[in-house]
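These are the residues of each chain, in order.
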Amino acid sequence: MDFVSQRISDGWVLEALRSWLSAGVMTEDGWEPTEKGTPQGGVISPLLANIYLHHFDTKMTGRGYRLVRYADDFVVFARSKRKAERALEVIREIIEDDLNLTLHPEKTEITNFGRGFTFLGYEFIAWRYKRPRKKALR
């Protein structure tokens, strides 16, 4: 809400967003209150996630890093392993300290195009080669 209110001053819009965020979620056990974050699958969740993570984009690009982000998935590019390790430190600072989020331990890694990586359902191998993951094809 803090990031939204930096750009939006209309009280009605802010209250509508606050209502969506505090509406709770339906689970197999019934309704549960929402204490933090955006409800997964909520109509406004992708927009709010992008507003929230814009801080990450701005901080990273402001420090000279090149990145690609789609929703909460991102890849940061570096020219050497040492620079990639430093980028990961900066990412942790921003994600964990500034935004109070957690990096997924199994999805967070330093790799290179030779070893390849997966992003948004594609396997990237070498600089110009990509293919859909087998799971995505199924």
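A short tour of the structure in this document, coming up. Predicted model, so just to flag it, every value in this text is computed and none were measured.

Some thoughts on the overall build of the protein
Argument step 1. Counting secondary structure elements, the protein contains five helices and seven strands.
Argument step 2. Secondary structure elements of the protein, listed N to C terminal, follow the sequence α-α-β-β-α-β-β-α-β-β-β-α.
Argument step 3. Computed over the C-alpha atoms, the radius of gyration of the protein is 18 Å, more than 25% above the 14 Å expected from 2.2 N^0.38 for a compact globule of 138 residues.
Argument step 4. Here the C-alpha coordinates of the protein stretch approximately 50 × 40 × 25 Å along the principal axes.
Argument step 5. Looking at the protein as a whole, 24% of its 138 residues are labelled buried.
Argument step 6. For the protein, the proportion of contacts with a sequence separation of at least 24, taken over those separated by at least 6, is 32%.
Argument step 7. Counting every atom, the protein has about 10700 Å² of accessible surface; 51% of that belongs to carbon and sulfur.
Argument step 8. Between the averaged position of the 22 positive side-chain charges in the protein and that of its 19 negative side-chain charges there is a distance of 13 Å.

So, the nonpolar core
Argument step 1. Of all hydrophobic cores here, the largest spans 13 residues; its most connected members are Phe56, Met60, Ile91, Ile94, Ile95 and Leu99.
Argument step 2. Within the residue set of this core, elements represented by two or more residues are helix H3 (45–62) and helix H4 (81–98).
Argument step 3. In terms of residue count, the dominant contributor to this core is H4 (six residues).
Argument step 4. Leu14, Leu17, Leu21 and Ile44 belong to the second-largest nonpolar core, a separate cluster that totals six residues.

Remarks on the environment of Arg79
Argument step 1. Looking at the element boundaries, Arg79 is found in the loop between strand S4 (73–77) and H4.
Argument step 2. Sequence separation between Arg79 and Asn112 is 33 residues, and the spatial gap between their C-alpha atoms is 9.5 Å.

Focus: the side chain of Arg69
Argument step 1. With respect to the helices, strands and loops of the structure, Arg69 is situated in strand S3 (residues 66–70).
Argument step 2. Polar side-chain contacts of Arg69 include one of 2.8 Å to the side chain of Asn50.
Argument step 3. Polar side-chain contacts of Arg69 include one of 2.8 Å to the side chain of Asp57.
Argument step 4. Those residues within four positions of Arg69 in sequence are excluded, and the remaining contacts are Asn50, Leu53, His54, Phe56, Asp57 and Phe74.

Quick word on the packing of aromatic side chains
Argument step 1. Applying the stated criterion across every chain, the model contains five aromatic pairs.
Argument step 2. Ring centres of Phe117 and Phe124 lie 5.1 Å apart, and the angle between their planes is 10°; this geometry places the pair in the stacked category.
Argument step 3. By relative accessible area, which is 15% here, Phe117 ends up buried.
Argument step 4. Through a chain of ring-to-ring contacts, three or more aromatic side chains come together here, namely Phe77, Phe113, Phe117 and Phe124.

Description of unusual backbone geometry
Argument step 1. Not every positive phi belongs to a glycine, and Asn100 is a case in point at roughly 55°.
Argument step 2. Within the element layout of this structure, Asn100 appears in the loop between H4 and strand S5 (117–119).
Argument step 3. Its identity is not glycine, yet Leu120 carries a phi of approximately 55°, on the positive side.
Argument step 4. On the secondary structure map, Leu120 appears in the loop between S5 and strand S6 (122–125).

About the cut-offs
Residues numbered from 1 in each chain as written. Predicted model: local features only at pLDDT ≥ 70, side-chain atom pairs only at ≥ 80, totals over all residues. Heavy atoms only, no water. Helix = DSSP H or I, 4+ residues; strand = E, 2+ residues; numbered from the N terminus. Rg over C-alpha atoms; globule rule 2.2 N^0.38 Å. Buried < 20%, exposed > 50% of the residue type's maximum accessible area, 1.4 Å probe, protein only. Contact = heavy atoms within 4.5 Å. Areas by Shrake-Rupley, 256 points an atom, 1.4 Å probe, with all protein chains shown as cover. Lys, Arg positive; Asp, Glu negative; His and termini not counted. Charge placed at Lys NZ, Arg CZ, Asp CG, Glu CD. Core = buried A, V, L, I, M, F, W, Y, C linked by side-chain atoms within 4.5 Å. Polar contact = N/O pair within 3.5 Å; in protein donor to acceptor, adjacent residues only side chain to side chain. Phe/Tyr/Trp six-rings, centres within 6.5 Å; stacked < 30°, edge-to-face > 60°.

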